[in-house]
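Analysis of the macromolecular model
Residues per chain, in single letters:
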Amino acid sequence: DNAKIFSGKTDQGTIHSNNGISIDWEKSKDAIDTWYNEFDSNLIKEQEIISKIDPDLIISDVSPLPLAISQKLSIPSIVISNFTWLDMFSKIPNFQNSLLSELYENASMCIQLPLSTQMNIFKNKQKVGLVCKKTTESNDVVRKKLGVGSSKFLILINLPANFNVNIPSESNIQVVSTGAKVNSNDLIMIKPWTEGQNLIASSDLVVSKCGYGMISECLTNGVPIKFLMDENHPEQKAMNDELDSLGMNCSIDNWNTNTFSIDLNVSKFQPKKNDNSKAKELILEFLHN
């Protein structure tokens, strides 16, 4: 309840192309080069904020700037992620990774999430299960708010407006979309939301881009997911490959025209364990030791 949020920028990642799924490597290189050219000046601003807080521990979701402060001020640090920017930037020509390598190597511990890239740079790496948001509302409450009956097959489509999705014309299907166009007369359009895990848990199928947040919340709630992914996106490929190895074929083919069809022949599965408590235990053990 006493958490404080400071606005600012601690990272520069890759930039999506116009389709919202793939990476625009040329724009990404320009933005990343600019960020690292200004790294020292950004470091000064971040150090001012962290020095006033005087923390006992810094936790970063793989952002390098807090790790640089951790190293400079001798504050222990933990990284929690399913990828590193080293893995992502490997496709950028002539990127100098020595700074990133040093910062990641000096992190006190890494909590590695499933569906991850190799992340071999960390010296002290602890693996956990899926970490994601837990539901705060029941399925009945969520469906009542939407005006969707319990017998309806509810499809959540979480894709940008430039996509057109074709679904079978069956009377028991209800579609909720955050932007994508759908060939359905009975369509509910909603804006992106902060407690989206509740809607995910209430759905019978989720269609989205290949992202850790959506996938982890589907898996922990036992909701089938179909996603759009790009083989040239290192994080997306790692997630898709691991799901394939588990016998879960979730990727949608032939979506590059921004128009595609989905098959409702999906298999339900037992929800996977939400391992938030294990991640919390690792952090507390680290602090106490």
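Residues numbered from 1 in each chain as written. Predicted model: local features only at pLDDT ≥ 70, side-chain atom pairs only at ≥ 80, totals over all residues. Heavy atoms only, no water.

**Points about the packing of helix H3 (residues 64-73) against helix H5 (residues 98-105)**
Relative orientation of the contacting elements H3 and H5 amounts to 65 degrees, with a least axis distance of 9 Å. Pair H3 / H5 crosses with left-handed handedness. Note on element contacts: H5 touches H3 through Leu-100, Glu-102, Leu-103 and Tyr-104, opposite Pro-64, Leu-67, Ala-68 and Gln-71. (Axes fitted to C-alpha atoms, helices over the stretch in contact; angles between N-to-C directions. Helix = DSSP H or I, 4+ residues; strand = E, 2+ residues; numbered from the N terminus. Left-handed = near helix turned anticlockwise from the far one by under 90°. Contact = heavy atoms within 4.5 Å.)

**Focus: the sheet that holds strand S1 (residues 58-60)**
Here 4 strands make up an open sheet; going across it, the order is S1-S2-S3-S4 and the pairing parallel. Unpaired on one side and paired on the other, S1 and strand S4 (125-127) mark the two borders of the sheet. On average, adjacent strands in this sheet sit at an angle of 20 degrees to one another, irrespective of strand direction. Judged from the 3 bridges that link them, S1 and strand S2 (residues 77-81) form a sheet pairing that is parallel. Pairing of Ile-58 across the sheet is with Ser-77, part of S2. Contacts from helix H10 (residues 276-288) reach S1, S2, strand S3 (109-112) and S4, with the element oriented near 170 degrees to S3. (Pairing = 2+ DSSP bridges.)

**Things to note about the pattern of salt bridges**
Scanning the entire structure with this criterion turns up 6 salt bridges. Measuring nitrogen to oxygen at the nearest pair gives 2.4 Å for the salt bridge that ties Glu-137 to Lys-145. The partner of Lys-237 in a salt bridge is Glu-231, with the nearest N and O atoms 4.0 Å apart. Take Lys-237: its relative accessible area is 30%, and that puts it in the partly exposed class. What emerges from the salt-bridge pattern is a single network uniting Glu-231, Lys-237 and Asp-241. (Salt bridge = Lys/Arg side-chain N within 4 Å of Asp/Glu carboxyl O. Buried < 20%, exposed > 50% of the residue type's maximum accessible area, 1.4 Å probe, protein only.)

**Describing the environment of Asp-30**
Relative to the helices and strands, Asp-30 resides in helix H1 (residues 25-37). You can call Asp-30 partly exposed: its relative accessible area is 49%. Spatially, the C-alpha atom of Asp-30 lies 9.9 Å from that of Thr-14, the residues being 16 residues apart in sequence.

**Considerations on the packing of aromatic side chains**
Counting across every chain of the model gives 10 aromatic pairs. With centroids separated by 5.7 Å and ring planes inclined at 5 degrees, the aromatic side chains of Tyr-36 and Phe-39 adopt a geometry described as stacked. Comparing Tyr-36 with Phe-39 shows no difference in burial state: the two are buried. For the pair Phe-83 and Trp-85, a centre-to-centre distance of 5.0 Å together with 80 degrees between the ring planes defines the contact as edge-to-face. An identical accessibility class is assigned to Phe-83 and Trp-85; each is buried. One aromatic cluster is present, formed by Trp-35, Tyr-36, Phe-39, Phe-83, Trp-85, Phe-89 and Phe-95 through successive ring pairs. (Phe/Tyr/Trp six-rings, centres within 6.5 Å; stacked < 30°, edge-to-face > 60°.)

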